[in-house]
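One-letter residues, chain by chain:
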Amino acid sequence: MVNLRELIKDKKRIVVKIGSSSLQHKETGDMDYIRLEKLVRELSDIRNQGKDVILVTSGAIAAGKKAVGITEIKSESNSHAMAVKQACSAIGQARLMMTYNKLFSEYNQVSAQILMTKNTIVDNLNRYNAHNTFTELLAMGVIPVVNENDTVATYEIEIGDNDTLSAIVAALVDADLLILLSDIDGLYTDDPRKNKDAKFIDLVEEITPELMEMGKASTGSGVGTGGMSTKLIAAKIATASGADMVIANSEDIGVLHRIMNGKNIGTLFASNKDDNFDLVGFVENLHK
Ligand code: GLU
C-alpha cells in the first residue's frame, strides 16, 4: 500500500491556513509575535525548497479591535455592528500585512496581499483575474498572503470563514496540499474537550455523511469563525479538487516541516479528485 504520508514530501504547491486564535495571546488578544515569526520562518523554508507557498491568514478583525480598544462586537446582524467589524478589519488587515511583510522580508521573501469574497469565485471575470494573479505571483516566487475582504463582504457575498476560504484558494490554484493549523490536534470521533472517550482519527480516505455529522462539535475558541464543521467542508472542497488536506495543532508551528517531511501528524484527508466537482456552484450555494 502506498504510504500517503511519504507522498507529502513531493507536494509542490502548498496552501497553509492559520486562524486568529493561533495568532494571538489568549490572555490579552495581542499578537503572538513568536508564533508569527516561527510561522514565517517555516513557510520561508518551504519556499526555499522550491515549492509554491500560499498563506491564508485570519486575524484582521482581532488586530483591528485591539488597535482601537474594542473588546466585543455585538450581533453582526445589526448594521452598525457590521460596520464596526468592517472598520476593525480595515485597520487590522493593514497591521497584519505590515507584520507579515516585515517578517517575510527578514527571511528574504517577497509577500503579496490578496483579499477575496465569494464574488471572486462566482464571477467569471473576477475568478479569471484572481487565478492569473496567483499564477503570476507564484511564478515570481512570491508568497501570497490571503484573507477574506471583510471590509466589503456582507452576508450575501461572504465566504464567512477562512477554513473554507483556504480550500477554495487551494482549488483555484490547483494546489496539491492544504494544511489547516488550528487549536485542535485534528479530527476526533467526538469533541475531546467534552468526551474523554473521543478517539483520534489520523487518516480519512473518504468524507462520508457520518463524518460530516461528527464534525458538528466546534473547537469552542472565542475568536475566529472556524469549528470542525468548516474544516470538513474545507476537506470536501480540497480533496475533490485533488489536494490532500492535513489538520494539525498550531501550538507548535514546527509541525509544518514535520508534516512536509512525511511524519504522521494531525489528521490527513487523502485527495479524491472528482472531475465533476463544481467549485463555482459549491461556492455559490454556501450558506444557502
Ligand atoms: N477574516 C477574518 C479576519 O481576518 C477571520 C475569519 C476566520 O477566522 O475564519 O479577522
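Whatever comes next refers back to the structure up there.
In short, a report on the structure. Just so you know, these numbers come straight off a predicted model, no measurement behind them.

Analysis parameters
Residues numbered from 1 in each chain as written. Predicted model: local features only at pLDDT ≥ 70, side-chain atom pairs only at ≥ 80, totals over all residues. Heavy atoms only, no water. Helix = DSSP H or I, 4+ residues; strand = E, 2+ residues; numbered from the N terminus. Rg over C-alpha atoms; globule rule 2.2 N^0.38 Å. Buried < 20%, exposed > 50% of the residue type's maximum accessible area, 1.4 Å probe, protein only. Areas by Shrake-Rupley, 256 points an atom, 1.4 Å probe, with all protein chains shown as cover. Lys, Arg positive; Asp, Glu negative; His and termini not counted. Charge placed at Lys NZ, Arg CZ, Asp CG, Glu CD. Phe/Tyr/Trp six-rings, centres within 6.5 Å; stacked < 30°, edge-to-face > 60°. Pairing = 2+ DSSP bridges. Contact = heavy atoms within 4.5 Å. Axes fitted to C-alpha atoms, helices over the stretch in contact; angles between N-to-C directions.

## Details of the overall build of the protein
- Along its length, the protein carries twelve helices and ten strands.
- Compactness check: the protein gives a C-alpha radius of gyration of 18 Å against a globular reference of 19 Å for 288 residues, within 12% of the reference.
- In terms of overall dimensions, the protein has a C-alpha envelope of 55 × 45 × 40 Å along the principal axes.
- Here the protein holds 288 residues, and the buried ones make up 51% of them.
- Per element, the accessible surface of the protein, about 13,500 Å² overall, is 49% carbon and sulfur.
- Looking at the protein, you have 31 positive and 39 negative side-chain charges, and the mean spots of the two groups are 4 Å apart.

## Re the packing of aromatic side chains
- For the structure on display, the rule yields three aromatic pairs.
- The interplanar angle of 70° and the centroid separation of 5.1 Å between the aromatic rings of tyrosine 188 and phenylalanine 200 together place this pair among those described as edge-to-face. With tyrosine 188 in strand E6 (residues 187-188) and phenylalanine 200 in strand E7 (residues 200-201), this pair connects stretches of sequence that are twelve residues apart.
- In this structure tyrosine 188 comes out as buried when scored by relative accessible area, which is 16%.
- Relative to phenylalanine 282, the ring of phenylalanine 277 has its centre 5.6 Å away and its plane inclined at 55°; by these criteria the two rings are tilted.

## Digging into the sheet that holds strand E5 (residues 177-182)
- Overall, mixed pairing links the eight strands, which are arranged E3-E4-E2-E1-E5-E9-E10-E8 in an open sheet. Edge positions in the sheet fall to strand E3 (111-116) and strand E8 (203-204), since each has one partner strand and no second.
- Pairing of strand E9 (residues 244-249) with strand E10 (residues 267-269), which is carried by three bridges, proceeds in the antiparallel orientation. Across the sheet, residue methionine 245 finds its bridge partner in E10, namely phenylalanine 269.
- Lying over the sheet, helix H7 (residues 124-139) contacts strand E1 (13-18), strand E2 (52-57), E3 and strand E4 (143-148), oriented at roughly 165° with respect to E3.

## A look at unusual backbone geometry
- Positive phi values are uncommon outside glycine, yet asparagine 108 reaches one of about 65°.
- Position of asparagine 108 among the secondary structure elements: in the loop between helix H5 (79-106) and E3.

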